[in-house]
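# Commentary on secondary and tertiary structure
Residues per chain, in single letters:
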Amino acid sequence: MSKKEFKPNNRTKNLKKAVLIVGAACLGVVLCVVGAAALYLNHILDKIDYQNTPGQEDGQSVVQVKDDKTLWNDNVLNILLLGTDERSDQYSDNARSDCMMVLSLNRKNHKIHLASLERGIGVPIEGQEDDWLTHTFAYGGAALTLKTVQECFELDIDRYVRVNFNSFEKIIDAIGGVDIELTALEAQGLNGEIYTNAITKHPVHEGLNHLDGYDALQYARQRFIDSDWQRIERQRNVISAAFDKVKTMSVFKWNDLLDTALPLVKTNFTKSEITSLLMEAPSFASSEIDQMTIPADGTYGSKKTSDGRSLLDLDWETNIQILKKFIFS
């Protein structure tokens, strides 16, 4: 029995035509949305102050060679976070970097590690005697601090992000403040009840407090109540609290944050690298931040400069291995 040849009628032809038209229209809308999003993202990223470092051209790495000594893992991105001590919108070339942290993002298992570098670590500076790590910024800006961390810790790190006191305060305000647990001693200091270097505008108490940008900065700067070791732990507490806050923000709040924060930042990341990081950000949304301080307990001594200042004299090999295990575990 022969099969009857199917001949599409006008209704079938019109239906196919309608489907094609609707499909083309949907594709056009999607392309328009994607194009608009790309233009908007490009507009937002243009607000960043991009700063190439010596040896970095067209977005290339400033790490020249992968040698046997360098701690290297293609799945891990190490970023030097720098907090400089300017108290205005303007950045200075001779500022000090009082806050230095290595932020490590593992793109494979989505772990986040944050290691503070004590500012009093004694490091070699070309043409000078050994000096504090914080002073490398005054000698050669972010480029020299980055190079020093890279070489002294034999670490694969060639990107930095820099903020100052003023931008730190504005960024915390942009996310709506942070929740910080205060000890009784910290609360007394921030209220000015005992001798301290940083006092909040609003009264605080022992326990959980909601701090705006100014008060969070004062909390992060406190050191006279205990020591610089506790101060750098407080700095990490603010970053961790800010990260927790950002994870819960809506898309609209994210837009406001980027609009406020990006013009306040200096970095040697390229625009394409930041675009890639923003695309990866959701994969880190459920991550916790593992923290530590370098040097580790019992791995350093002390030495003096010619003008009598004390430097932390590190057991470099031990601290390099501790940092390696922390970052790449």
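Residues numbered from 1 in each chain as written. Predicted model: local features only at pLDDT ≥ 70, side-chain atom pairs only at ≥ 80, totals over all residues. Heavy atoms only, no water.

## Digging into the sheet that holds strand E11 (residues 289-294)
How we decide: Paired strands, as defined in this entry, are two strands with at least two bridges between them according to DSSP. Think of it this way: any DSSP run of H or I at least four residues long counts as a helix, any run of E at least two long counts as a strand, and we number them from the N terminus. Residues count as neighbours in contact if any of their non-hydrogen atoms are within 4.5 Å of one another. Only the stretch in contact is used when a helix axis is fitted, and all axes are lines through C-alpha atoms; the angle between N-to-C directions ranges over 0 to 180 degrees.
As summarised here, the arrangement of the seven strands in space is E1-E10-E7-E2-E3-E4-E11, forming an open sheet in which the pairing is mixed. In this open sheet, the two edge strands, each paired with only one partner strand, are strand E1 (49-50) and E11. Taken strand by strand, helix H3 (residues 165-174) contacts strand E2 (76-84) and strand E7 (159-164), and its axis lies near 85 degrees from that of E7. The strands touched by helix H6 (residues 228-247) are E2, strand E3 (97-106), strand E4 (112-117) and E11; relative to E11, the strand with the most contacts, the crossing angle is about 160 degrees.

## Quick word on the confidence of the model for the protein chain
We count it as follows: The predictor rates its confidence in each residue with pLDDT, a number between 0 and 100.
Across the protein chain, the average pLDDT comes to 84, with 80% of residues at or above 70. When mean pLDDT is compared element by element in the protein chain, strand E9 (residues 207-211) scores highest at 98, while helix H1 (residues 10-45) scores lowest at 53. Counting interchain partners and residues more than four positions distant, the pLDDT-below-50 stretch residues 28-40 has one contact. Throughout residues 58-66 the model reports pLDDT below 50, and contacts reaching past four residues in sequence, or to other chains, amount to 25 contacts.

## Section: the packing of helix H5 (residues 213-221) against H6
To characterise two packed helices, one gives the angle between the axes of the helices and the distance between these axes. Under the convention used in this document: In what follows, roughly perpendicular refers to angles from 65 to 115 degrees, roughly parallel to angles under 35, roughly antiparallel to angles over 145, and oblique to any angle outside these ranges. Polar here means any residue outside two lists: the nonpolar Ala, Val, Leu, Ile, Met, Phe, Trp, Tyr, Cys and Pro, and the charged Asp, Glu, Lys and Arg; Gly therefore counts as polar.
Closest axis-to-axis distance for the H5/H6 pair is 7 Å, and the angle between their directions is 150 degrees. Viewed along their axes, H5 and H6 adopt a mutual orientation that is roughly antiparallel. From H5, Ala216, Tyr219, Ala220 and Arg221 reach across to H6, where they touch Arg231, Arg234, Gln235, Asn237 and Val238. Per-class residue counts for the contact of H5 with H6 are four nonpolar, two polar and three charged.

## Topic: the side chain of Asn78
Applicable threshold: Between buried and exposed lies partly exposed: a residue is buried under 20% and exposed over 50% of the maximum accessible area for its type, with that area taken using a 1.4 Å probe on protein chains only. What qualifies as a polar contact is a pair of N or O atoms within 3.5 Å, subject to a donor-acceptor requirement within protein and to the restriction that residues adjacent in sequence count only when both atoms come from side chains.
Position of Asn78 among the secondary structure elements: in strand E2. By relative accessible area, Asn78 is classed as buried at 2%. Within the structure, the side chain of Asn78 is placed 2.5 Å from the side chain of Ser104, a separation counted as a polar contact. A distance of 2.9 Å separates a polar atom in the side chain of Asn78 from the backbone oxygen of Asp156. Discounting residues that sit within four places of it in the chain, Asn78 has contacts with Val102, Leu103, Ser104, Leu155, Asp156, Ile157, Asp158, Arg159, Ile327 and Phe328.

## Overview of the pairing of strand E12 (residues 300-304)
Relative to strand E13 (residues 310-314), E12 runs antiparallel, the two being bridged by five bridges. From the neighbouring strand, Lys303 faces E13, where its bridge partner is Leu311. The antiparallel hairpin formed by E12 and E13 contains five residues in its connecting segment, where Gly308 sits at a positive phi of about 90 degrees.

## Some words on the packing of H3 against helix H7 (residues 251-261)
Between H3 and H7, whose axes approach to 9 Å, the crossing angle comes to 170 degrees. Taken together, the axes of H3 and H7 are roughly antiparallel relative to one another. Contact residues: Lys170, Ile171 and Ala174 in H3; Leu257, Thr260 and Ala261 in H7. Classifying every residue of the contact of H3 with H7 by side-chain character gives four nonpolar, one polar and one charged.

## Observations regarding the side chain of Asn268
Relative to the assigned elements, Asn268 resides in the loop between strand E10 (266-267) and helix H8 (271-280). Side-chain polar atoms of Asn268 contact the backbone oxygen of Asp158, separated by 3.0 Å.

## Some thoughts on the pattern of salt bridges
Formally: Salt bridges are identified by distance alone: a Lys or Arg side-chain nitrogen within 4 Å of an Asp or Glu carboxyl oxygen.
All told, the structure shown has 15 salt bridges when counted by the stated rule. Ionic pairing is found between Arg309 and Asp131, a salt bridge with its closest N-O pair at 2.9 Å. Separated by 178 residues along the polypeptide, Arg309 in the loop between E12 and E13 and Asp131 in strand E6 (residues 131-132) bring together distant segments of the chain. We note a salt bridge from Asp307 to Arg309, for which the minimum N-O separation is 3.1 Å. One salt-bridge network, held together by shared partners, links Asp98, Arg119, Asp228 and Arg231.

## Topic: the packing of aromatic side chains
Our working definition: Ring pairs are drawn from Phe, Tyr and Trp, using the six-membered ring of Trp, whenever the two centres fall within 6.5 Å, and their geometry is named by plane angle: stacked under 30 degrees, edge-to-face over 60, tilted for the rest.
In total, this model carries three aromatic pairs according to the counting rule given. Between Phe153 and Trp316, the ring centres sit 5.1 Å apart and the planes meet at 65 degrees, which makes this aromatic pair edge-to-face. Taken together, the positions of Phe153 in the loop between helix H2 (136-152) and E7 and Trp316 in helix H9 (residues 316-328) put the pair 163 residues apart, joining distant regions of the chain. According to the relative accessible area criterion, Trp316 is partly exposed, its value standing at 23%. Between Trp229 and Tyr300, the ring centres sit 5.4 Å apart and the planes meet at 25 degrees, which makes this aromatic pair stacked. Taken together, the residues Trp229 in helix H6 and Tyr300 in strand E12 connect sequence positions 71 residues apart.

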